[in-house]
Amino acid sequence: QTQPTPVTIRGTGGGHKPQSFFRRLQTWINLLDPTLLLSSDPEIQKAHTLIGSSKPQDKKDESALTLSLSSVHADSGAALPLVFRPPAFLPIAAPLVVASLLPQSSVKPALFWQFLLQSYCAGFNHANRNSSTEQDKKASLKQLLLIAGTASYTSCAGALPQIFINRLGIRSPAVQTFFRSLFPIPLSAALAFFSVFTIRSEESETGIQVFDRNGNPVGISKAAAEKAVRETALSRAALFGTTAAVPNLLVLLLKRTRLFQRNSLLAAPFRHISVALVLGLMVPVSFSLFPQLGTIKREMLEEELQDRAAGGRLFYHRGL
């Protein structure tokens, strides 16, 4: 069982004064800098060790804190795989999201892009889970099956709009508009929620480590695990649901204007650009919806942990 490091507590606002949403948003904007991906593993471990042993005093220490928080797993202390680090999420996910939301001519390309997107999301969810109670840090057979099954199921479900259009031979413009522009909105949100909820279901079964305001482990809580997974699933649903909703609804409205009626070719590039922009804005917003250092009130905890909740609450790492 891994004790939370000073880095994770300090970087997420500490136990005494939870950060506001806007403070968390500012932090995430710094942590999502793609140039952080250029750092090597030895540099990351050096930064993690430096921050773990001392308080940030100057800009150099602040840079080390940013590098550590963006690249190191909060529980294991090991560097995250490059493609699953938070700064890599937007550069990798953006083209996949744009392609998956495009109107396709057949089912195969829809399935292809959905599979790439959902596989990446499943891997990201797994890499950034709470692993505080895991003895073996390597993925178990059960976890691998969960990842493969979730990616396959969500890929097929994500392609449902195109499957319905092709298999039912839908020709009505109004019905096609529903399946291409409106149905993907709740579908994207639901699949994002389902992916996190399923990939991290083992946490809810075994519980996660909770600790007091000083960072001392006090036990394992299933209630905290359920709260952590639920919050992360909701934040991911907000991310993908909003990314599907705003561009699709904007395109529907703009198609009624004279400009777009005269120049129908404008709709496609506008959709691509707006999807990328909304995703880029929503990534830090969705990551900031809930604190990384979560809190759980005494009355929500298991009976055996309630007496250990000094100050009426305990803390846990939410994961991402």
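Quick caveat, the model's predicted, so the values are computed rather than measured. (Residues numbered from 1 in each chain as written. Predicted model: local features only at pLDDT ≥ 70, side-chain atom pairs only at ≥ 80, totals over all residues. Heavy atoms only, no water.)

**Observations concerning the UniProt feature "transmembrane region" (unreviewed entry) in the protein**
UniProt feature "transmembrane region" (unreviewed entry): in the numbering of this structure it lies at residues 144-165, 177-199, 237-254 and 266-290. Taken end to end, residues 237-254 is 100% helix and 0% strand, and its first and last C-alpha atoms sit 26 Å apart. End-to-end, the C-alpha atoms of residues 266-290 are 37 Å apart, and along that stretch the chain is 88% helix and 0% strand. (UniProt positions renumbered as here; feature names shortened; annotations may be inferred. Helix = DSSP H or I, 4+ residues; strand = E, 2+ residues; numbered from the N terminus.)

**Concerning a nonpolar patch on the surface**
On the surface, Phe112, Phe115 and Leu116 cluster together to form a nonpolar patch covering roughly 270 Å² of accessible area. With respect to the helices and strands, Phe115 occurs in helix H6 (residues 107-127). Among the residues examined, Phe115 registers a relative accessible area of 41% and is labelled partly exposed. (Patch = residues over 30% accessible without salt bridge, like charges linked within 9 Å, V, L, I, M, F, W, Y side chains within 5 Å. Areas by Shrake-Rupley, 256 points an atom, 1.4 Å probe, with all protein chains shown as cover. Salt bridge = Lys/Arg side-chain N within 4 Å of Asp/Glu carboxyl O. Buried < 20%, exposed > 50% of the residue type's maximum accessible area, 1.4 Å probe, protein only.)

**A closer look at the packing of aromatic side chains**
Going through the model one piece at a time under the given rule, you end up with 18 aromatic pairs. Taking 5.3 Å as the distance between ring centres and 75° as the angle between the ring planes, the aromatic pair formed by Phe21 and Phe22 counts as edge-to-face. Judged by relative accessible area, Phe22 falls into the exposed class, the value being 64%. A connected cluster of aromatic rings, assembled from ring pairs, spans Trp28, Phe84, Phe89, Tyr120, Phe124, Phe240 and Phe287. (Phe/Tyr/Trp six-rings, centres within 6.5 Å; stacked < 30°, edge-to-face > 60°.)

**Digging into the environment of Val246**
Along the polypeptide, Val246 turns up in helix H12 (residues 222-254). Classification of Val246 as partly exposed rests on a relative accessible area of 34%. The spacing of Val246 and Ala276 is 30 residues in sequence and 11 Å in space, taken between C-alpha atoms.

**Topic: the pattern of salt bridges**
For the structure shown, the criterion picks out four salt bridges. Salt-bridge contacts for Arg85 lead to Asp41; the nearest nitrogen and oxygen are separated by 3.1 Å. With Arg85 in the loop between helix H4 (59-71) and helix H5 (86-100) and Asp41 in helix H3 (residues 41-53), the pair connects residues that are 44 residues apart, well separated along the chain. Looking at Asp41, the relative accessible area reads 42%, which means it is partly exposed. Between Glu203 and Arg200 there is a salt bridge, and its shortest N-O distance comes to 2.8 Å. When its relative accessible area of 1% is taken as the criterion, Arg200 is described as buried.

**Description of the environment of Val218**
Mapped onto the elements of the fold, Val218 is located in strand S2 (residues 217-221). Between the C-alpha atom of Val218 and that of Phe315, which follows or precedes it by 97 residues, the distance is 9.8 Å. If we ignore the near neighbours within four places in the chain, the residues touching Val218 are Val210, Phe211, Asp212, Leu305, Arg308 and Leu314. (Contact = heavy atoms within 4.5 Å.)

**A few points about the nonpolar core**
By size, the foremost hydrophobic cluster in this structure holds 39 residues, and its most contacted members are Phe89, Tyr120, Phe240 and Phe287. For this core, the secondary structure elements donating two or more residues are helix H2 (21-31), H3, H4, H5, H6, helix H10 (184-199), H12 and helix H14 (267-288). Leaving out residues up to four positions away in the same chain, Phe89 has contacts with Ala94, Tyr120, Phe124, Leu239, Phe240, Val283 and Phe287. If you look at the next biggest cluster of nonpolar residues, it comprises 13 residues, including Ala228, Leu305, Ala309 and Tyr316. (Core = buried A, V, L, I, M, F, W, Y, C linked by side-chain atoms within 4.5 Å.)

**Some thoughts on the state of the cysteines**
Structurally, a disulfide amounts to a covalent bond that connects the sulfur atoms of two cysteines. Using the criterion set out here, one finds zero disulfides in the structure. Cysteine Cys121 shares no disulfide, and the gap to the nearest cysteine sulfur, in Cys156, comes to 16 Å. With relative accessibility at 8%, the residue Cys121 sits in the buried group. (Disulfide = S-S within 2.5 Å.)

**What about the packing of helix H7 (residues 141-158) against H10?**
Running from N to C, H7 and H10 point in directions that differ by 170°, and their axes come no closer than 10 Å. Considering the angle they form, H7 stands roughly antiparallel to H10. Where H7 abuts H10, its residues Leu146, Ile147, Thr150, Tyr153, Thr154, Ala157 and Gly158 lie against Leu187, Leu191, Phe194, Ser195, Thr198 and Ile199. (Axes fitted to C-alpha atoms, helices over the stretch in contact; angles between N-to-C directions. Parallel < 35°, antiparallel > 145°, perpendicular 65-115°, else oblique.)

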